[in-house]
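# Results of the structural survey
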Amino acid sequence: MNQASTEKPVTAIPEGFNPITFEVLSNAFSSAIDEMGVVLEKVAFSTVTSEAHDYSCAIANVKGEVVSRGVGDLPLIGGTISFRVKAVIDGIGLENIKDGDVYIHNDPYMGGTHLQDVSIVLPVFWEGKLIAFVQTCSHWPDVGGPVPGSFNSEATSSHGEALIIPPMHIIREGEWNAQLERMILRNVRVPETIAGDLRGLIESARAGDSQLRKLLSKYGKATIMQAMDGFMSYTHTLLSQEIEKLPDQTVSWTDYIDRDPCAESDDPITVGLDITVKGDRLILDYSRSGPQANGPVNCTIAATSSASVAVLKAIFPTIPLNDGFERAFDLVLPDDCVLNAQYPAPVSGHAANSAEKIVSCMHGCFMQLTPERAMCAPTNLVNISVFGQDTRGGRCDDYVMYLWLAGGWGGRSNAGDGSTYMMPLAAGTRLLFAEMLERVYPVLVDGYGLMTDSEGAGKHRGGFGLHWPFRITENNYTINTQGDREVIENWGYAGGKPAIGNRLIYAPGTDAEENISVMRANFKGKPGQLIDYWQGGGGGWGNPLEREPESVLADVRDGLVSIERARDVYGVEIELIDNVSQIYNIDQAKTSALRE
Amino acid sequence: MVKWSVATDTGGTFTDLIALSENGDIKVGKTPSTPPDFEEGVLNAVNQLDVDPGDVHLFYHGTTVSTNALLTRTGSKTALLSTKGFRDVLEVRDGSREEMYDITWNPPEPLIPRYDRMEVPERVNYAGEILNSLDEGEVRRLAGLIKKRGHEAVAVCFIHAYANTSHERRVKEILAEELPGVYVSISSEIMPEPPEYERTTTTVANAYVGPVLSRYMSKLSAAVQEAGVKGAVLIMHSGGGTMTPESAVKYAIRTATSGPAGGVLAAEAIAGTIGRPNVVSLDIGGTSADIATIENGKPRLTDEQQPEWGLPLRFPAIDVVAIGAGGGSIGWIDAAGVPHTGPQSAGARPGPACYNQGGDLPTTTDANLYLGRLRPDHFLGGRIKLRKDLAEQSILKRFAQPLGLSVADAAEGILRIANENMANAIRKQTVHRGLDPREFSLMGFGGAGPLFSAAVAQELQMKEAIIPANPGATSALGILFADARHDFVRSLISPATDFDYPQADAYFAEMEAQALELLRSEGFRDSDIELKRILDLRYISQVRTLQIEVPRARLTETSMSQAVEEFHTAYEKEFHYVLREFPLESRSLRVVAIGKTEKPKFRKHEKNGTLEGALSGEQDSYFGAAGGWVKTKYYDRDKLPTGIKIEGPAVIEQFDSTTVVPPGATLEIEPFGNFIISFEKDAQ
C-alpha cells in the first residue's frame, strides 16, 4: 500500500471528476467484463472455451482503444483486441456502423492472431450516438482448411490454413445474417460446436452491452465517456512511474525459433529485442529479428504487441489491464519481419513459435532491468491435434482431439525456484484431464508426471517438465503439431543452466520409432503404439553450485533430481541411507570438494 | 421439562453458544476458544449456560478443526496410492495459476510430498473394464513401507475408479489387514466422479484431516458427556447439514469450510419464518463479507468449493463467496491517486485508527464513526471507547487531503467503495446465475452487516434489507436449523435418447440403500428420512451441468423426457437461451439423504413501549445524497416496541451491532423482531 503524502499528489483521475466515482466505475467495468466471460463459458460449446478459457473480453472506446479487459482471460488474445476493434471500424467504416449491428472477424492481417481466434464486436449506442464497443473473442476448435483444427504446419500462406472472415455483419440492425452463418458452418468440421461457440460470443457481447447501458443510465454519458479515457490514463500513469524508476539504458536479448518448417534450410530464426528505457517510456525494438518465414511461425503486429504486453503485465501485476499499457511504449518492427506477418503469410503456429520467443526476450530484457520481478525461460507451448475415427460402442464418428500441456516455469532471483506445472504465460489455458479425454476420445494415457532431471539447474532451479506418454487405441489417425523448443533449450541466467525442451516421439525403443516432432503436419500413426510426449522445464537462475545442499537433497528425496545429477551438476554428494524411511545423507566433505 | 437445542460454534478466538427452547426462548453465550484443546472451550460454554444439561436433547457443533488442519498444513502424515503413472496428479493440478500475471507467485505445497505418493500397477478404462489387474503383492509391499514410515492415513485414488470400484475396494481390504488402525479413504467411496484431479484432491484432503478430526470427535463426545448432556451430538458440515460424530470421522473433509454455512442456514430459517423466499445473505465481520443466495427458500449449493487455491473439494457445499470488505477494511490511495477500500484489513490489532491501539490507517469503522453512524460511547455496548479525533485525523491525512475532498466526503467515499465491492460480489452470485437481485431481499448480519446492508440493498435496487434480531449471533443460531444431510453420487455418462436405464436404477437403488443404512445408524426413524434422486444433465460434450430432480421410481422414457424438459426450462432461465434439438446426456446420479431433526421455532416478540422511550440521542450524521449533515435519531433496539415505523435517517444501536437507516428509507419491526428496511421507489 502506498502512503499518500500531503504534497500535491499525482493523480490520473480526470480534472473535476469525483475520485470515488472513478474507482466505483473502474470496478463496475471489471465486473461487466467478468460477466461477459461467465456468459461465454456457459453458452459456448467447445471445451477450448469452457474448460481451457481460451478467450478474451473487453470494452473499447469509439476509437477502438481498450479501456478495460478481463484479467483472467487468455493473455495473448487480450492484447490484440484494440487492433481487432480498430479493424472493424476501418473495415465497416465508422459512418456505416449502426445501432443493432454485430460484427464478426478473424482476419489476422487486420488485427487478429490466427484464424481460430474469432471476434465478435458489438457497437454500443446511447441516445442515438455510438459511444463504445464491446468485444469477445474465442478460439474455435476448427475454422476449416486442409488440417483438422486448422493448425497446418505445412501451410505456406493463409490459403493453406483456414477460412478468413474479414470484418462483416453477423447481425445488421437487428437482422441475423443467416447466409454468412451458413457459409461459415459449411466450411468447418464441427458445425454444431461452432454454432454454439458463435452464439456464446454474441451472448457474451450482449451481456457487456447491457451492463454498459445500466451504467450509462445511472451515471450519464459524459461521466462514462470521461471515465473510459481516465482508465487508460490511470494505467499509463502507474506504468510510467514504474518505468521512470529504471535508469535510462538499452538492454538486449536474443532467442531463436528452432526452424522454419517450410524453408529448405534447418537454420533457426532469430527473434531479437532491444529495450531502451527513456525517461518514463520504453522502446521495444524487434528490428534484429529475422524476416517473414515461409511456414506458419509468423506473428502479426497485433500478436507481437499483445505478447509484449502480457509480460509487462506479469512484471507489474497490480496495474489495471487496458490500452494504457500500449501508451507507455513504442513498438519498432521492420516491414519484412517474422513478428510482422503480412497477408497472406501463414500464422497458425504463432502462439507456440514467435509469440513464445517474444515472451522469452521480454523476460531476458527484464532480467536485466528488474531482476527481482522476472524469470528465466519458461516452458514453450505445444499444440497437438489428433484426427481420426472413433468406432467405440459401434459408433463411427470423426473426432479432433486437442492436447496441450503445462510445464516448468523459469527460476527467479528473489522469488526462488521456478514453479512446476504451469501453462505457458501468454497462453494461460487450463489442461484437460486423462479421465475426460479417455471418455470422449479413443486415447489411453499411460500416466503423467514430473520428469526427473528436466529442470534447468540453478541456485534457484527452474520448474520440472512433464512426461505424458499416450496411445491412440482405435484405427489409423493423423497428428498435427505446432510447437517449438525441440532443438534450442529454455535458457537459464546468471550462471543458471538451460532446461530441455519439448519432444514428441512415436513408438520409442521399437523398430518403428520416429520423431514426430512438435512442428509437423499429417503424421500418420497406427493404433496402440506408444507416443512419448515431453513438455519442457524452465531455465535455472544462478550457479547450481550455490544451491542450498538441503534443497538439492529435497529434490533427490522426491525423485525429481537423480543422485548423479546432484553430484555432477549441483556438486552435492548424496548417499541413500534407507530407502524405506527415505533417509538420505549429504556427504559434506565430498560436497565441499565438489564445490571448490 | 422444557427441551432445549444447543449449538456451539468454535472459531479461532471465540466459542459461541446459542440455546433455543421448544418455547422459543433464546439464550446466548460466548467464551474464549481454547486451542488446541477446543473441546474445553465448548465445555466452558456449556457450563456457563443457564440450562440443565439434562434438558438438552440436541447438541449441535460447528468446528474449524479440519479447516485449520488443511490450511495450516497440520493434518496427519498421509500416503497416497495411485495408479501406476499417476502419482503426480495431486501436484500437477490443472495447469492454471491463481494470479494470471504474477511471476513472483508460488503455488501452495501439495498435501502429500512426492516421496509419500506411491504407485500401484493396475488400470481400468473409462467404461470400467479392467485393462491391468491389481498387483496385490505390490500393495502389500507398499503397506509395509507405509507402516515403517509411520503414516497415520492413506488415500487411494485410482484412474476411473468411479466406473469400477473393485480395485480400490480390494486395496482397502488389504490395508485393513496390513495396517490396522490406519485411517484409509478410497476415492470411490469419497467422491466417485471424474475427473482424476478433483477426485484425488478431495480424497487426499479427507485422509489428511481424518485422524485429526477423529481425535477431536472423541474428545468432544467425552466432554459433552461429562457436561451431562444426554442428547444426540450432531456435527455441522459445509453442505448445510449435520452428521453424527461417527459419520464426520468417515467424511472428515465435509466439516471443512463449514464456518459460513451457519449464517446462511439462519438466513434461510428467518426468511422462511417471515415469508421471504428469495434472500441474499450478507455476513460481515472485521475483515470479510460472506455472501450466499437463497432461492425459493433453499440455499444454493456448489460442488466447486476451494478452501484454498489448488485444493478443490467436490462435496456439495453451500455456495458462499467471501470478499475482503468489513469493519477493518482500509481506505487507501494508490500511486496514480486512485482510491480503494480493502481488501487489506487493520484486523483486531492495531485495528481501526479510532481504537487508539496505534493504528493510523482509515478503516470503514473510522468512516462510520466520523459520519455519526457509530457513536464513540456506544460501540459494543460501550465496552470499547472510540476516538473520533483519531478517526478524523487518519481520514484527513490519508484519504481526504490527497483526493482533495472534505473529510465527510472522503469518509463516505471509503464506505461507498466498500458498498460497491459488495454489490459487485452479489451481482456475481445473482446476475451471473440468471437471478435478478431486484427480486431478492438482502439479509445483513455479523457485527458489521447492519451498518452496510441498507446502502448495498439500495445500490442493487433490492426489495428491502432485513436485519435479524441478534445479528452478531446469527451464525451459531443457524446451526440449530440444520437437518442431517448426506450426499451420494455415482458417475453415469449416458445419452438421454439411449439412456442406460438398468444401470441408473441399480445405482439409485444402491445409493438409497447406503443412505438409509447411514441415517438409520444415526438414529433416524424412517418417517423422518427424506430421499431425493437427482440427475445431472448437460448438452452432450458441454461441461456445465444442471441438477434435475427425478421421481423416486424406476426411470422410464416418460420420466426421462420430463427431466429433459425441466432441463431446457432451467437452462433457459440461467443462460437466456436454449437448444431444444441438441442432444443431452447424464453426467452423474445423486441421492440426497435428509434426516429431519426437530426445528426450534421463533417466537413472536410482542413488545410494548413507545418510540420516544427507546430514543437514546440525537445528533448530526452525514449522508451526501441527502445534502450533507442531517439530524439523526439514535434508538436502543432492546427498548423498541414491535409494529412501529422509523423514518431514516436513524441509527439503531444494540450490544453486538448497529443498524443504519439512511434518509429516504423506512424501518419496520415485524412481529418476530426482525428489522425490515424498505426504500422509497424514487430514492432508487
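Residues numbered from 1 in each chain as written. Chains lettered and ligands numbered in written order. Predicted model: local features only at pLDDT ≥ 70, side-chain atom pairs only at ≥ 80, totals over all residues. Heavy atoms only, no water.

This part is about the overall build of chain A. Within chain A, the regular secondary structure consists of 14 helices and 24 strands. Expected size for 596 residues packed as a compact globule is a radius of gyration near 25 Å; at 25 Å, chain A falls within 12% of this value. Projected onto the principal axes, the alpha-carbon positions of chain A cover approximately 80 × 75 × 45 Å. Scored against the burial criterion, the 596 residues of chain A give a buried share of 65%. When the accessible surface of chain A is totalled, it reaches about 19,600 Å², and 48% of it is carbon and sulfur. Averaging the positions of the 47 positive and the 76 negative side-chain charges in chain A gives two centres separated by 4 Å. (Helix = DSSP H or I, 4+ residues; strand = E, 2+ residues; numbered from the N terminus. Rg over C-alpha atoms; globule rule 2.2 N^0.38 Å. Buried < 20%, exposed > 50% of the residue type's maximum accessible area, 1.4 Å probe, protein only. Areas by Shrake-Rupley, 256 points an atom, 1.4 Å probe, with all protein chains shown as cover. Lys, Arg positive; Asp, Glu negative; His and termini not counted. Charge placed at Lys NZ, Arg CZ, Asp CG, Glu CD.)

Helix and strand content of chain B: 17 helices and 33 strands. Here the C-alpha radius of gyration of chain B, 27 Å, is about what a compact globule of 684 residues would show, namely 26 Å. Within chain B, the proportion of its 684 residues that are buried is 62%. Long-range contacts, defined as pairs at least 24 residues apart, comprise 66% of the intrachain contacts of chain B with a sequence gap of at least 6. As displayed, chain B has an accessible area near 25,000 Å², and 49% of this comes from carbon and sulfur atoms. (Contact = heavy atoms within 4.5 Å.)

Looking now at the packing of helix H5 (residues 178-186) of chain A against helix H6 (residues 191-219) of chain A. Residues and elements named next belong to chain A. The N-to-C vectors of H5 and H6 enclose an angle of 135°; their axes lie 9 Å apart at closest approach. Judged by the angle between their axes, H5 and H6 are oblique. You can see that H5 and H6 cross each other, and the crossing is right-handed. Residues Glu181, Ile184 and Leu185 of H5 touch H6, and the partners they reach there are Pro191, Ile194, Ala195, Leu198 and Arg199. (Axes fitted to C-alpha atoms, helices over the stretch in contact; angles between N-to-C directions. Parallel < 35°, antiparallel > 145°, perpendicular 65-115°, else oblique. Left-handed = near helix turned anticlockwise from the far one by under 90°.)

A few words now on the packing of helix H1 (residues 38-48) of chain B against helix H7 (residues 196-226) of chain B. Residue and element names in this part refer to chain B. As a packed pair, H1 and H7 sit with axes 9 Å apart at the nearest point and diverge in direction by 20°. As the angle between them shows, H1 and H7 are arranged roughly parallel. For the pair H1 and H7, the sense of crossing is right-handed. Between H1, through Phe38, Glu39, Val42 and Leu43, and H7, the contact on the second element is made entirely by Tyr216, Lys219, Leu220, Ala223 and Glu226.

The biggest cluster of nonpolar side chains holds 188 residues, and the ones touching the most others in it are Ile104(A), Ile275(A), Met362(A), Phe366(A) and Leu640(B). Examining the composition of this core, we find that 12 residues originate from one element, helix H12 (residues 407-430) of chain B, more than from any other. If we ignore the near neighbours within four places in the chain, the residues touching Met362(A) are Leu273(A), Ile275(A), Leu284(A), Tyr286(A), Ser308(A), Val311(A) and Leu312(A). Counting residues in hydrophobic clusters, the runner-up holds 92 residues, among them Leu43(B), Ala205(B), Met243(B) and Leu584(B). (Core = buried A, V, L, I, M, F, W, Y, C linked by side-chain atoms within 4.5 Å.)

Here we come to the sheet that holds strand E21 (residues 519-525) of chain A. All names here are of chain A. Spatially, four strands are ordered E13-E12-E18-E21 in an open sheet, and the strand pairing comes out antiparallel. Each having just a single partner strand, strand E13 (397-403) and E21 make up the two edges of the open sheet. This sheet shows a mean twist of 15° between the axes of neighbouring strands, independent of strand direction. Across seven bridges, strand E12 (residues 383-390) lies against E13 in antiparallel orientation. Across the sheet, the residue bridging to Phe387 is Val400, located in E13. (Pairing = 2+ DSSP bridges.)

In this assembly, 82 residues from chain B lie in contact with 95 residues from chain A. Both sides together, the interface formed by chain B and chain A hides about 7,500 Å², and carbon and sulfur atoms give 59% of it. It is Tyr101(B), Ile103(B) and His432(B) in chain B that bury the most area against chain A; as a group they hold 12% of the surface buried on that side. Across the chain B-chain A interface, the total number found is five salt bridges. (Buried area = accessible area lost by both parts, 1.4 Å probe. Salt bridge = Lys/Arg side-chain N within 4 Å of Asp/Glu carboxyl O.)

The next point concerns the pattern of salt bridges. All names here are of chain B. Enumeration according to the criterion identifies 75 salt bridges over all chains in this entry. Among the salt bridges present, the one from Arg587 reaches Glu193, with a minimum N-O distance of 3.0 Å. Here Arg587, found in strand E26 (residues 584-595), pairs with Glu193, found in the loop between helix H6 (187-190) and H7; they are 394 residues apart in sequence, far enough to count as distant. Assessed through its relative accessible area of 14%, Arg587 is described here as buried. The closest approach of N and O atoms between Arg587 and Asp303, which form a salt bridge, is 3.8 Å. Remark: Asp303 occurs in the loop between strand E16 (301-302) and strand E17 (317-318) and Arg587 occurs in strand E26; sequence separation between them is 284 residues. Asp303 carries the same exposure label as Arg587, and that label is buried. One network of salt bridges, with partners in common, ties together Glu193, Glu198, Asp303, Arg314, Asp536, Arg587 and Arg590.

On to the pairing of strand E14 (residues 289-295) of chain B. Residues and elements named next belong to chain B. Across the seven residues that make up E14, a large majority, six, are buried. Sheet topology note: the strand E13 (residues 279-284)/E14 ladder contains six bridges and is antiparallel. Among the inter-strand pairings, Val279 is bridged to a residue of E14, identified as Ile294. Here E13 hands over to E14 after four residues, the two strands then running antiparallel side by side. Taken together, the two bridges between E14 and strand E15 (residues 298-299) define a ladder with antiparallel strand orientation. Across the sheet, the residue bridging to Ile294 is Pro299, located in E15. Here E14 folds back onto E15 in antiparallel fashion, the turn holding two residues, of which Asn296 has a positive phi close to 50°.

A few words now on the sheet that holds strand E3 (residues 102-105) of chain A. Residue and element names in this part refer to chain A. What the seven strands build is an open sheet, ordered E2-E1-E5-E4-E3-E6-E7; its pairing is antiparallel. A strand with exactly one partner marks an edge of an open sheet, and here the two such strands are strand E2 (66-69) and strand E7 (175-176). Pairing geometry for E3 and strand E4 (residues 117-126), over three bridges, is antiparallel. Paired with Ile104 across the two strands is Ile120, which belongs to E4. With respect to the sheet, helix H7 (residues 221-244) is in contact with strand E1 (55-60), E2, E4 and strand E5 (129-139), its orientation differing from that of E5 by roughly 50°.

Checked against the element boundaries, Arg69(A) lands in strand E2. No salt bridge forms around the buried Arg69(A); measuring N to O, its nearest opposite-charge neighbour Glu326(A) is 4.9 Å away. A distance of 3.5 Å separates the side chain of Arg69(A) from the backbone oxygen of Gly78(A), its partner in a polar contact. Residue contacts for Arg69(A): discarding those within four places in its chain leaves Ile33(A), Cys57(A), Ala58(A), Pro75(A), Gly78(A), Gly79(A), Val309(A), Leu321(A) and Tyr101(B). (Polar contact = N/O pair within 3.5 Å; in protein donor to acceptor, adjacent residues only side chain to side chain.)

Right, let's talk about the side chain of Thr300(A) for a bit. Turning to its location among the elements, Thr300(A) is positioned in the loop between strand E10 (281-285) and helix H8 (301-315). When near neighbours in sequence (up to four residues on either side) are disregarded, Thr300(A) contacts Pro108(A), Gly112(A), Thr113(A), Leu339(A), Ala341(A) and Val347(A).

The next thing to look at is the environment of Ser204(A). All names here are of chain A. Mapped onto the fold, Ser204 is located in helix H6. Exposure remark for Ser204: the relative accessible area of 0% places this residue in the buried category. A C-alpha to C-alpha distance of 8.8 Å links Ser204 and Glu41, two positions 163 residues apart in sequence. Aside from chain neighbours lying at most four places away, what touches Ser204 is Met36, Val39, Leu40, Cys57 and Thr136. Separated by 2.9 Å, the side chain of Ser204 and the backbone oxygen of Met36 make a polar contact.

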